[in-house]
Amino acid sequence: LAGARAEVNPDEVASVLWKYFTELGSNAKETVDQLQQAEITKQLNTLLESNLKSVNSYAEDLQRRLVPFATELQARLVQDSQRLKEQIRRELAELQAKLAPYADEVHQQIGTNIRQLQAKMSPYAEELRSQVDRGAGERRRALEPYAAELRDRLQDNAESIQASLSPYADRLQQQIDGGVESLKERLAPLADELKAQVGQSVEELRRGLSPYAQEVQEGLNRQLESLTAQMERAAEELRARLAASSEELRAQLSPLAQELRQAAGGDAEGLRQRLAPLAQQLDERVGQTLEAFRQQAAPFGEAFGQRLVERLEEMRGRLDSGAAGVEDHLELLEKEVREKVAAFLSTTQPAAN
């Protein structure tokens with residue numbers, strides 16, 4: 001039960017709730033009242049069923065508690081949204097007024113931080129590109145012998161080919177699966193390193209701005225918390241994109257093994273005819289698939305760095321103008337949702353056997 005409980009990811013639950021909070025929040029009140037509980041219940045059911053299939057009692061208990069909690073939280077956020085928006089507007093106006101005498105220094109400090117962040121992100125982006133290129137090359141070299149082996153097998157008699165084809169397809173699939181997992185393990189630490197670098201960069205910016213914001217430190221901290229939340233989300237999205245690209249690579253390569261199994265299941269007489277095109281195309285198809293993966297995943301690091309720079313530029317614009325955008329209060333509301341969901345889940349206990 002404890003292990004199953006750990007499988008309930010607070011971020012996944014929070015994402016379900018936040019998705020419907022934002023979508024339904026734009027509808028008429030009566031629509032929200034009619035839909036919110038049904039839709040949230042449906043999404044939470046799917047999430048809990050996929051994660052807790054073997055622990056029905058805990059899933060049912062958690063759902064009974066979580067759905068009322070979610071609808072109550074939605075009602076509170078609707079009320080708090082306008083209050084928080086006004087609070088951020090006042091804080092930014094005060095922050096901008098207090099920083100006005102130091103506008104040039106503040107602008108320069110953030111500019112310096114942007115340049116430092118770009119300099120720090122560049123090696124990570126290059127390393128990510130290098131690891132993607134290296135991983136794709138290794139996968140290509142690991143799969144090359146399978147194409148040669150398949151061509152060699154075509155020289156055997158039909159019965160021998162058919163008997164050995166399924167084990168060959170199994171080995172090919174194992175090589176594909178192992179290669180994808182190895183690639184994911186290689187790329188995942190880079191996302192962790194980038195996330196750590198994000199925290200360090202924000203802390204450096206905090207220290208750099210502190211001398212100018214002693215009277216409005218709380219307001220500055222709120223802006224930096226929002227900036228940190230945005231940057232950390234970007235790092236998590238990078239991790240998810242790398243994992244998704246690796247899984248897409250698996251999905252693109254796995255049909256090769258499936259086609260071999262299907263060929264083995266037919267009559268022995270036409271086996272060579274069915275296998276010959278695949279034997280000729282195997283190298284090319286593997287190469288094209290790995291090149292597509294490389295072209296897709298290699299630029300992720302540069303895109304991540306550019307996104308962080310854009311977030312810093314946006315914050316500099318807010319401090320210059322004192323004007324808050326819609327995203328300012330949404331970032332903090334989402335942060336609050338995630339914190340409340342994590343706190344709620346930490347207090348729920350699995351049902352005893």
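Residues numbered from 1 in each chain as written. Predicted model: local features only at pLDDT ≥ 70, side-chain atom pairs only at ≥ 80, totals over all residues. Heavy atoms only, no water.

Here is the rule we go by: UniProt positions are given in the numbering used here, feature names are shortened, and annotations may be inferred rather than shown by experiment.
The name an unreviewed UniProt entry gives the protein is Apolipoprotein A-IV, with Calonectris borealis as the organism. Database annotation for the protein, UniProt heading Subcellular location (unreviewed entry): "Secreted". As stated in UniProt under Subunit (unreviewed entry), the record for the protein gives "Homodimer."

1. So, the nonpolar core
In a soluble, globular protein the nonpolar side chains are often hidden away together inside. Rules: Buried residues of nine kinds, namely Ala, Val, Leu, Ile, Met, Phe, Trp, Tyr and Cys, make up a nonpolar core once their side-chain atoms join them within 4.5 Å. Exposed residues in this analysis have more than 50% of their type's maximum accessible area, buried residues have under 20%, and partly exposed residues fall in between, with area computed by a 1.4 Å probe over protein chains only. Contacts: residue pairs with any heavy atoms within 4.5 Å of one another.
Judged by nonpolar contacts, the single largest core of 81 residues is most densely connected at Leu150, Leu165, Leu260, Leu275 and Phe304. Apart from the residues lying within four places of it in its own chain, the contact partners of Leu150 are Leu165, Tyr168, Leu260, Leu275, Leu278, Ala279 and Leu282.

2. Topic: helix H6 (residues 158-209)
Because an α-helix packs 3.6 residues into every turn, residues spaced three or four apart end up facing the same way. As a reminder of what qualifies: Numbering of helices and strands starts at the N terminus; helices are DSSP runs of H or I of at least 4 residues and strands are runs of E of at least 2. Helix span, as expected, comes to 1.5 Å for every residue beyond the first. A residue's bend is given by the angle between axes fitted to the 7 residues ending at it and the 7 residues starting at it.
Here H6 contains 52 residues, and its C-alpha end-to-end distance of 76 Å stays within 8% of the 76 Å for a straight helix at 1.5 Å per residue. The largest bend along H6 reaches roughly 35° and is located at Leu165, with the proline Pro167 sitting one to four residues downstream.

3. Side note on the environment of Gln116
By the secondary structure assignment, Gln116 is in helix H5 (residues 103-153). Distance from Gln116 to Glu204, taken between C-alpha atoms, is 9.9 Å for residues 88 residues apart in sequence.

4. Here's the deal with the pattern of salt bridges
What counts is decided by this rule: Any carboxyl oxygen of Asp or Glu within 4 Å of a side-chain nitrogen of Lys or Arg constitutes a salt bridge here.
The tally for this structure, following the rule as stated, stands at 26 salt bridges. Salt bridges linked by common partners bring Asp177, Glu181, Lys184, Glu247 and Arg250 together as one network.

5. Considering the packing of aromatic side chains
Put simply, the rule reads: Stacked, tilted and edge-to-face pairs are distinguished by plane angle, under 30 degrees for stacked and over 60 for edge-to-face with tilted covering the rest, among Phe, Tyr and Trp rings (Trp via its six-membered ring) whose centres lie within 6.5 Å.
Counting across every chain of the model gives 2 aromatic pairs. Taken together, a centroid distance of 5.5 Å and an interplanar angle of 40° make the contact between Tyr102 and Tyr212 tilted. One end of the pair, Tyr102, is in the loop between helix H4 (56-99) and H5; the other, Tyr212, is in the loop between H6 and helix H7 (217-264), with 110 residues separating them in the sequence. The exposure class assigned to Tyr102 is partly exposed, which follows from its relative accessible area of 35%. Its relative accessible area of 22% is what places Tyr212 among the partly exposed residues.

6. Things to note about the UniProt feature "coiled-coil region" (unreviewed entry) in the protein
Using the residue numbers shown here, the UniProt feature "coiled-coil region" (unreviewed entry) corresponds to residues 78-105 and 217-248. Note that residues 217-248 is 100% helix and 0% strand, and that its end C-alpha atoms are spaced 46 Å apart.

7. Comments concerning the side chain of Arg153
Of note, Arg153 is situated in helix H5. With relative accessibility at 16%, the residue Arg153 sits in the buried group.

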